[in-house]
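Per-entry structural report
Chain by chain, the residues run as shown.
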Amino acid sequence: VQLVESGGGLVQPGGSLRLSCAASGFTFSSYAMSWYRQAPGKERELVAGISYTGGSTWYADSMKGRFTISRDNAKNTVYLQMNSLKPEDTAVYYCKGRILGMDYWGKGTLVTVST
């Protein structure tokens, strides 16, 4: 199982970014996926999740209305569209899949929201 995040970077407050997570080594279309983040000095927290079909999504309360998770099962990729970014969204963002009872994580992509 391999999960590789991309799309992070520096963005100004109010800006947008789209993160991608490319998956390989398992039947991507059979598993729910999720995004987490970890800010400096804080615990890792759930950002959003999506069912294996993409028909159901869920979000942490602070991300609702600003972030959108989606997936393309043909491309084995899950996305996180982030709008109206705030400085407190600065964190390393991780992709996670729970495959056959085990959690697999990517290495993360850094998002910095700053002027």
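Our structure's up above, just so we're on the same page.
Residues numbered from 1 in each chain as written. Predicted model: local features only at pLDDT ≥ 70, side-chain atom pairs only at ≥ 80, totals over all residues. Heavy atoms only, no water.

**Brief notes about the side chain of Thr109**
- Positionally, Thr109 belongs in strand E11 (residues 109-113).
- The class for Thr109 is buried, based on a relative accessible area of 11%.
- A polar contact of 3.1 Å, which involves the side chain of Thr109, links it to the backbone nitrogen of Gly8.
- Not counting residues up to four positions away in its chain, the partners in contact with Thr109 are Glu5, Ser6, Gly7, Gly8, Leu19, Ala91, Val92 and Tyr93. (Helix = DSSP H or I, 4+ residues; strand = E, 2+ residues; numbered from the N terminus. Buried < 20%, exposed > 50% of the residue type's maximum accessible area, 1.4 Å probe, protein only. Polar contact = N/O pair within 3.5 Å; in protein donor to acceptor, adjacent residues only side chain to side chain. Contact = heavy atoms within 4.5 Å.)

**So, the pattern of salt bridges**
- The full count for this structure, using the stated rule, is six salt bridges.
- With a shortest N-O distance of 3.3 Å, Lys64 and Asp61 are connected by a salt bridge.
- With a shortest N-O distance of 2.7 Å, Asp89 and Arg66 are connected by a salt bridge. Residue Asp89 is found in the loop between strand E8 (77-82) and strand E9 (91-99), and its partner Arg66 is found in the loop between strand E6 (57-59) and strand E7 (67-72); the two are separated by 23 residues along the sequence. (Salt bridge = Lys/Arg side-chain N within 4 Å of Asp/Glu carboxyl O.)

**A look at the packing of aromatic side chains**
- Applying the stated criterion across every chain yields a total of four aromatic pairs.
- Ring plane angle 55° and centroid distance 6.2 Å describe the contact between Phe26 and Phe28, whose orientation is recorded as tilted. Like Phe26, the residue Phe28 is buried in the burial classification.
- Both rings, one in Tyr36 and one in Trp105, keep their centres 5.0 Å apart while their planes meet at 70°; by these two values the pair is edge-to-face. (Phe/Tyr/Trp six-rings, centres within 6.5 Å; stacked < 30°, edge-to-face > 60°.)

**Points about the state of the cysteines**
- This model, assessed by the stated rule, comprises one disulfide.
- Each sulfur of the disulfide joining Cys21 and Cys95 lies 2.2 Å from the other. Where Cys21 bonds to Cys95 through sulfur, the torsion about that S-S bond is close to -80°, and the disulfide is left-handed. With Cys21 in strand E3 (residues 17-24) and Cys95 in strand E9, this pair connects stretches of sequence that are 74 residues apart.
- In this structure Cys21 comes out as buried when scored by relative accessible area, which is 0%. (Disulfide = S-S within 2.5 Å.)

**Some points on the pairing of E11**
- Where burial is concerned, the two faces of E11 differ: the one with Thr109, Val111 and Val113 is buried and the one with Leu110 and Thr112 is not.
- Across three bridges, the pairing between strand E2 (residues 9-11) and E11 is parallel. Paired with Leu10 across the two strands is Thr112, which belongs to E11.
- Two elements, E9 and E11, share three bridges in a ladder whose sense is antiparallel. From the neighbouring strand, Tyr93 faces E11, where its bridge partner is Thr109. (Pairing = 2+ DSSP bridges.)

**Focus on the sheet that holds strand E1 (residues 2-6)**
- Pairing is antiparallel across the open sheet formed by four strands, whose spatial order is E1-E3-E8-E7. Looking at which strands have only one partner, the edges of the open sheet turn out to be E1 and E7. Adjacent strand axes in the sheet meet at a mean angle of 15° when their direction is disregarded.
- Here E3 runs beside E8; their pairing, made up of six bridges, is antiparallel. Considered in E8, the bridge of Ala22 is made with Thr77. (Axes fitted to C-alpha atoms, helices over the stretch in contact; angles between N-to-C directions.)

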